[in-house]
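Chain and residue survey
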Amino acid sequence: MPFRKDFLWGGATAANQCEGAYQEGGRGLANVDVVPHGKDRFPVSMGKLKMTELDNEHYYPALEAIDFYHHYKEDIALFGEMGFKTYRMSIAWSRIFPNGDEEEPNEEGLKFYEDVFKECHKYGIEPLVTITHFDCPMHLITEYGGWKNRKLIDFYKRLVTVLFTRYKGLVKYWLTFNEINMILHLPFMGAGLIIEEGENEEAVKYTAAHHELVASAWATKIAHEIDPENMVGCMLAAGNTYANTCAPEDVWKSMEKDRENYFFIDVQSRGAYPAYAIKELERKGIEIPFAEDDKEMLKNYTVDFISFSYYSSRLTSADPEVNKETAGNVFATLKNPYLKASEWGWQIDPLGLRITMNALYDRYQKPLFIVENGLGAKDELVNGFVEDDYRIDYLREHIKAMKDAVEIDGVDLLGYTSWGCIDLVSASTGEMSKRYGFIYVDKDDAGHGNLKRYKKKSFDWYKKVIASNGEDL
Ligand code: BGP
């Protein structure tokens, strides 16, 4: 049997993409609330367009999302029916500390997640909790400038101390920052950064990244002190970069591209800034604001496991002219002629998952956890059912590749949670029509729909996969 007996099969969501109820339970406003649907979504997510107040001209999908806040019992029951062993979800920071900088947490927010975790355990589902998934209280952005301000480390420490204490015995698996490398691509969405005129964008991003890296180390320390059973992971938006040709210049370029992402995990897992990053930052004149004990913290409190999302491999060329023709993705990539792509241009590469897993395992020698993978597609609900064979095909091929990595290559894998196990708002487009789920939710891109849940064909398929521990694909 390739997978461990206790392999954690399940699905993943994020608070801002499913909870809704943005003004209930004492929740404060967060960055994700003010990212609108439509043409402004990208510039706002990138921190290039200032949008700090909700207005009536835009539609903000995170405000209602799929209303998991009121449907969580029904949804978790469905996850239980599929046989989930784990459910990856995130905490909305502003439910716990509405402004982010209060001394005392908001009890209603704490109670909500406690109820959710208890509900999971009813079905034998182990929660896997992302502490922040593209999520930062708005007040920390307007008052402090988001993660570019070192004070955020203290607010985050307060947050995690409350979480680890309150949920001791209920939650064991924690991820500190979702797709930590996303800070380079979507800095507002990822870290509450607004890039002001005249600011050195890269310096701002790497300063904020440093603060998150140090905060992550603190979280690991605190988690282990509060409960030695706690397992803390980092989370990378992964996908290896191929060279466009076998010209050494292209191969070199692909290595540089991968380093951009490895940088974060190198720090979180190996415990120090890697030599290539120190040199590059120096060359660019970027000075990272190391405080006295930062180096010690990074060194002493590395993560227990490496989690990552994988949707696609990437492709790059050393020739800037060639690199202009990028395919549709948050991560710039060339179109790979050997791969098919989703309707959104995300290229489909199951073997790329095996390559990525091997690269990560060789580099870090720590257990891996695939916490996101899946196909965003347009589904058609006919007579209350969705025949999503395309999704089953995608998942089957990726699970096969993951099996090869475990069985043939010996990669140590803790679990697999497919992304958006229930349809939710897409992070990049803000649309509902980019669906990933085993469960269809009646809601459209304009926010209309009765929120009714329907099982898709993939629901029973995944149930069978889990029941057979990945044998029956
Ligand atoms: C990852 C994010 C998720 C999720 C996923 C799919 O980058 O961690 O939040 O949304 O991508 O992306 P999208 O929703 O844009 O299709």
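Residues numbered from 1 in each chain as written. Predicted model: local features only at pLDDT ≥ 70, side-chain atom pairs only at ≥ 80, totals over all residues.

**Considerations on the overall build of the chain**
When its secondary structure is counted, the chain shows 16 helices and 16 strands. Taken over C-alpha atoms, the radius of gyration comes to 21 Å for the chain, in line with the 23 Å a tight globule of 473 residues would show. In terms of its C-alpha atoms, the chain occupies a principal-axis envelope of roughly 60 × 55 × 50 Å. A total of 473 residues make up the chain; the buried ones form 51% of that total. Counted over contacts in the chain with a minimum sequence separation of 6, partners at least 24 positions apart contribute 76%. (Helix = DSSP H or I, 4+ residues; strand = E, 2+ residues; numbered from the N terminus. Rg over C-alpha atoms; globule rule 2.2 N^0.38 Å. Buried ≥ 20, exposed ≤ 12 C-beta atoms within 10 Å, placed from the backbone. Contact = placed C-beta atoms within 7 Å.)

**A few points about the pairing of strand β4 (residues 173-177)**
Counting buried positions along β4 yields five of five residues, so the element is predominantly enclosed. In this structure, strand β3 (residues 126-132) lies alongside β4, joined through four bridges in parallel fashion. Note on β4: the bridge partner recorded for L128 is Y173. Pairing between β4 and strand β5 (residues 231-238): three bridges, direction parallel. Its bridge partner lying in β5, W174 is registered against V232. (Pairing = 2+ DSSP bridges.)

**What to know about the site of the ligand**
Around the ligand lies a shell of 14 residues, among which A14, G376, S426, A427 and S428 are the nearest. Here the shell around the ligand is composed, by residue class, of four nonpolar, seven polar and three charged. (Near = placed C-beta within 6 Å. Nonpolar A, V, L, I, M, F, W, Y, C, P; charged D, E, K, R; others polar.)

**So, the sheet that holds strand β13 (residues 368-372)**
Here we have eight strands rolled up into a closed barrel, ordered β1-β2-β3-β4-β5-β7-β13-β14, and parallel in their pairing. On average, each strand axis in the sheet is tilted by 25 degrees relative to the strand beside it, whichever way the strands run. (Axes fitted to C-alpha atoms, helices over the stretch in contact; angles between N-to-C directions.)

**Digging into the nonpolar core**
Membership of the largest hydrophobic core comes to 140 residues, with the highest contact counts inside it found for I91, L236, I306, F308, L368 and M402. Ranked by residues supplied to this core, first place goes to helix α9 (residues 201-226) with 10 residues. Leave out the neighbours within four places in its chain, and M402 touches L353, M357, I370, L413 and Y416. (Core = buried A, V, L, I, M, F, W, Y, C linked by C-beta atoms within 7 Å.)

**Quick look at the environment of K452**
On the secondary structure map, K452 appears in the loop between β15 (439-441) and β16 (453-455). Linking K452 and T333, residues 119 residues apart in sequence, is a C-alpha distance of 37 Å.

**As for the packing of α9 against helix α10 (residues 248-270)**
One can describe the packing of α9 onto α10 by two numbers: an axis separation of 10 Å at closest approach and a directional angle of 30 degrees. Judged by the angle between their axes, α9 and α10 are roughly parallel. α9 and α10 meet at a crossing whose hand is right-handed. Here α9 contributes A209, L213 and S216 to the contact with α10, which in turn contributes F264, V267 and Q268. When its residues are assigned to classes, the contact of α9 with α10 shows four nonpolar, two polar and no charged. (Parallel < 35°, antiparallel > 145°, perpendicular 65-115°, else oblique. Left-handed = near helix turned anticlockwise from the far one by under 90°.)

**Observations concerning the environment of D349**
Among the secondary structure elements, D349 is positioned in the loop between β12 (347-348) and α14 (350-364). For D349, a count of 27 C-beta atoms within 10 Å translates into the label buried. With 49 residues separating them in the primary sequence, D349 and H398 have C-alpha atoms 8.0 Å apart. Setting aside residues up to four positions removed in sequence, D349 forms contacts with S312, S313 and L339.

**A few points about the UniProt feature "active site" (unreviewed entry) in the chain**
Listed under "active site" (unreviewed entry) in the UniProt record, and renumbered for this structure, are E372. Within the element layout of this structure, E372 appears in strand β13. (UniProt positions renumbered as here; feature names shortened; annotations may be inferred.)

**Considering unusual backbone geometry**
Comment: phi is negative for the bulk of residues other than glycine, and the bulk of peptide bonds are trans. Unusually for a residue other than glycine, D67 sits at a positive phi of about 55 degrees. With respect to the element layout, D67 can be found in the loop between α2 (41-45) and α3 (68-82). Classification of D67 by C-beta neighbours within 10 Å gives partly exposed; the count is 16. One non-glycine residue, Q365, adopts positive backbone phi at about 50 degrees.

**Points about the pairing of strand β14 (residues 413-419)**
For a regular strand, side-chain orientation follows a simple rule: the groups alternate between the two sheet faces. Burial analysis of β14 places seven of its seven residues in the buried class, which makes it a mostly covered element. One ladder, built from five bridges, connects strand β1 (residues 8-12) with β14; its direction is parallel. When the bridges of β14 are listed, G11 appears paired with S418. One crossover worth recording links β13 to the parallel β14 by way of helix α15 (residues 389-407), and it is right-handed. (Right-handed = clockwise from strand over helix to strand, strands pointing away.)

**Digging into the packing of α3 against helix α5 (residues 107-122)**
Two elements in contact, α3 and α5, have axes separated by 9 Å at closest approach and are oriented at 20 degrees. One way to sum up the angle between α3 and α5 is to call them roughly parallel. Along this stretch, α3 crosses α5, giving a crossing that reads as right-handed. Across the interface between the two elements, Y72, K73 and I76 from α3 touch V116, E119 and C120 from α5.

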